[in-house]
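Observations on chain architecture
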Amino acid sequence: MVYVYDGSLEGAFSAIYQMFHDKGDVNSHTLVASEGLQYAIFEPVKTCETQPEWSNKVVQSILDTFGPEAFRRIGYAYLSEDAAFGTKLYRCLKRAYKLGERAMENLSDPDILALYKCYNAVARESHSMMGLIRFSELNKGIYYAHFEPTYDLLGLVIPHFKARLADQIWVIHDTKRKKAAFYNKETVHISDLDDVGALDFSSVEMDFQKMWRTYFDHIAIIERKNPKLQQQKMPKKYWKFLTEKDLSKNLLK
Amino acid sequence: MTANEKLSILADAAKYDVSCSSSGSARSGDKTMLGNTAMPGICHSYSDDGRCISLLKILFTNKCIYDCSYCINRQSNAEMPRAEFTPDEVVDLTIGFYRRNYIEGLFLSSGVVRNPNYTMELLLLVVKKLRAARFNGYVHLKGIPGADHMLIEEAGKYVDRMSINIELPTTQSLRLLAPEKKRLDMIAPMGFIKEKMSEYKALGRQFKNAPTFVPAGQSTQLIVGATADPDYKIIKISEALYKRMALKRVYYSSYVPVGRTAITVGPSIDLLKREHRIYQADWLLRYYGFTADEILTPESPNLDMDVDPKCQWALRNLHLFPMDVNRVTFLELLRIPGVGNVTARRIMAARRFGPLHFDALKKMGVVMKRAKYFITCSGKPFGASDMDPFRLKQLMLDAPKPLNNQLSLYELYPGQFGGNQNGLRI
Ligand code: SF4
């Protein structure tokens, strides 16, 4: 049976509730988000409604059985936007309930490992984003950053920047998912945000960008150039958002 | 000179100093402050040589009255352009970079102008100004050898980490290459900082608002390859520094000959590779419970460039293997080549649910290429129980090289072929 949910995490938990209720062999069920649904010819399809009550039951049960850390990992795994997240979650939970309390630590199990890998990829990228996000100062003292992370992790980096850049107004804009976090020195709110167009930079912004590029160029030991290592540590897909690596800006130099 | 021009000179001058870590301190700020420090440390970029950029690493000035022959800033290096920041320039640069999320904080060092005390006072002024501007990010300050302890103590209240570079492994090599520097000028302040750290920690336990003192601890740097000192001497010193001085990190910088009067010494083995192996050995000291004497011996005092230090140890101690991953303790797991810290923890956690098999080990991060010769799973060998160290080593090499390349057998197996180094005492 192919179970279909609406793509939200709540929806996934509601569907899990039904799937556990329906029983059956683990290999006979899959769970997919409605937008990722391929036309299924040979299998029956069951569309699941999102029911907060069911979803809450599943969440509570996960918390009670496996603890908050396990739940956090599931949340991260969801943000991986992995097309197979639903099925991976289902299979992982099926195994975990058999094994009991600390089951989520049992990475020797392929189904538990599969979900762990989704979690780990998101955790890793959000840690590196804490370093790679670049702010520019706009005219009215607003610090603006745009980025396009592989995973949907805007919400995960907010607490870090809220604590760190506490005394400045900032915006972090995920231009791929067209949403942004706004911080006003007090609270953060997230809302949709389209392309912002041409930016009006503060008078000193270009000086700082130039000095950062100077620093970047001069801190490297040229005798030991190692582009392979550099790219391995800092994949090219991030470069267009990096002040020190953005080629269009380097051309202006 | 513009700040940008100064930056280019004073970043250049600082780049051979390797320590660029912002870890080891977790301190939160409040809404009126800029910055905090994060425990695991964050890399903000990777320079063209592939090294992590975490801190703004600069010298306050590269003018220097001394003439240490391994250093590009030595007085006699006449073609070196010189510059000096003002304290405000350093403060503006640090804060400007920090607000844009370029860096975790500042790593400030300096050449010695006039005398050690005068220089230390300048550095102290910078960190004071930085904190007065409500900057709460990470600050790593170099202590100037020979400066008054009072100045060191004062500076320690404003910074997260302090380091005094020991530079060379032995007193003899120091006398040779940095005749104006005294060993004691480096060791004494280290001991002093260690004492103060525990004093202030005790104070902190008594009074909530007591000042902190170098909360992220102290580190140091050793230059590798500027003298003929063997690896054994180097890791023996590191071990002593970790144990007796309670250092957080020892950094190793492979010597880059710079300037016209650069010194050249030692065998022409790949210095970067050697640095890499020494870091691995250092890792074994800090996280894997190895002692320096387990890693190397006076009889074979140099690390093998072909296999990592843990493999070298395992090959010398084959009587301890194979180990059964389903039975041995955590500390024993850590001794298996190809099993790292994270993997060992995963194995311990997963073992509770039943015995592990080889395919699961691989998925959990065990590097089977190395581990397979040293482990069994519930008594079963992997099918590679070839326990002859010579053959084993060949099997484990990353890219098997023909035996007759530049390295002679003597160099590969100094122990077996009567290799001997004189004067191995620290
Ligand atoms: S005192 Fe420091 S900066 Fe001056 S020459 Fe010696 S190592 Fe270089």
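Residues numbered from 1 in each chain as written. Chains lettered and ligands numbered in written order. Predicted model: local features only at pLDDT ≥ 70, side-chain atom pairs only at ≥ 80, totals over all residues. Heavy atoms only, no water.

1. Some remarks on the sheet that holds strand E7 (residues 218-224) of chain B
Residue and element names in this part refer to chain B. Rule in force here: One requirement defines pairing of two strands: DSSP has to find at least two bridges between them. Comment: elements are numbered from the N terminus, with helices defined as DSSP H or I runs of at least four residues and strands as E runs of at least two. Here, axes are lines fitted to C-alpha atoms. For helices the fit covers the stretch in contact, and angles between N-to-C directions go from 0 to 180 degrees. Contacts between residues were defined by any pair of non-hydrogen atoms, one from each residue, lying within 4.5 Å.
Overall, parallel pairing links the six strands, which are arranged E3-E4-E5-E6-E7-E8 in an open sheet. Strands at the two margins of the open sheet, each flanked by one partner only, are strand E3 (55-59) and strand E8 (249-254). The sheet shows a mean angle of 20° between the axes of neighbouring strands, taken without regard to direction. Both E7 and E8 contribute to a ladder of six bridges, which runs parallel. Its bridge partner lying in E8, Thr220 is registered against Val250. Packing of helix H2 (residues 87-99) onto the sheet brings it into contact with E3 and strand E4 (105-109), and relative to E3 it is tilted by some 160°.

2. Focus: the site of the ligand
Using the following cut-off: Neighbouring residues are identified by heavy atoms, a residue being near a molecule or strand if any of them is within 4 Å of it. Under the scheme applied, nonpolar residues are Ala, Val, Leu, Ile, Met, Phe, Trp, Tyr, Cys and Pro; charged residues are Asp, Glu, Lys and Arg; polar residues are all the others, including Gly.
Around the ligand, the neighbouring residues are Cys64(B), Tyr66(B), Cys68(B), Cys71(B), Arg74(B), Gly111(B) and Lys181(B). Residues of the shell around the ligand, tallied by class, amount to four nonpolar, one polar and two charged.

3. Things to note about the packing of aromatic side chains
Note the threshold: A pair of Phe, Tyr and Trp rings is counted when the ring centres sit within 6.5 Å of each other, with Trp represented by its six-membered ring. The angle between the planes then sorts it: under 30 degrees is stacked, over 60 is edge-to-face, the rest tilted. When a residue's accessible area, from a 1.4 Å probe over protein chains only, is under 20% of the maximum for its type it is buried; when over 50% it is exposed; and in between it is partly exposed. We call a charge positioned above a ring when the Lys NZ or Arg CZ atom is no farther than 6 Å from the ring centre and deviates by at most 35 degrees from the ring normal.
Tallying each qualifying case throughout the model produces 25 aromatic pairs over all chains. Plain terms: the ring middles of Trp313(B) and Phe321(B) are 6.0 Å apart, the flat faces sit at 80° to each other, and that makes the pair edge-to-face. Since its relative accessible area comes to 4%, Trp313(B) is described here as buried. Overall, Phe321(B) belongs to the buried group, its relative accessible area being 7%. Through pairs of rings, three or more aromatic residues link up here, namely Phe208(A), Trp212(A), Tyr215(A), Phe97(B) and Tyr102(B). Just above the ring of Trp239(A) sits the side chain of Lys245(A); from NZ or CZ to the centre is 4.5 Å.

4. Topic: H2(B)
Residue and element names in this part refer to chain B. Selection criterion: A helix is expected to reach a length of 1.5 Å times the quantity of its residues less one.
If you check H2, its first and last C-alpha atoms are 19 Å apart, about what 13 residues at 1.5 Å a residue would give, namely 18 Å. Within H2, 10 of the 13 residues are buried, which leaves the element mostly enclosed by the surrounding structure. The complete set of buried residues in H2 reads Pro87, Val90, Val91, Leu93, Thr94, Ile95, Gly96, Phe97, Tyr98 and Arg99. Downstream of H2 by a residue or two, Asn101 has a phi angle that is positive, lying close to 60°.

5. Let's talk about the state of the cysteines
What is meant by a disulfide is a covalent connection between two cysteines, made through their sulfur atoms. All names here are of chain B. The condition that has to hold: For the purposes of this analysis, a disulfide is any pair of cysteine sulfur atoms at a distance within 2.5 Å.
Counted according to the given criterion, the structure contains one disulfide over all chains. Here Cys43 engages in a disulfide with Cys52; their sulfurs sit 2.2 Å apart. Of note, the bridge from Cys43 to Cys52 carries an S-S torsion of about -115° and is left-handed in sense. Using a relative accessible area of 25% as the deciding quantity, one classes Cys43 as partly exposed. In this structure Cys52 comes out as partly exposed when scored by relative accessible area, which is 24%. Cysteine Cys311 remains unbridged, with the sulfur of Cys377 as its closest cysteine sulfur at 18 Å. Classification of Cys311 as buried rests on a relative accessible area of 0%.

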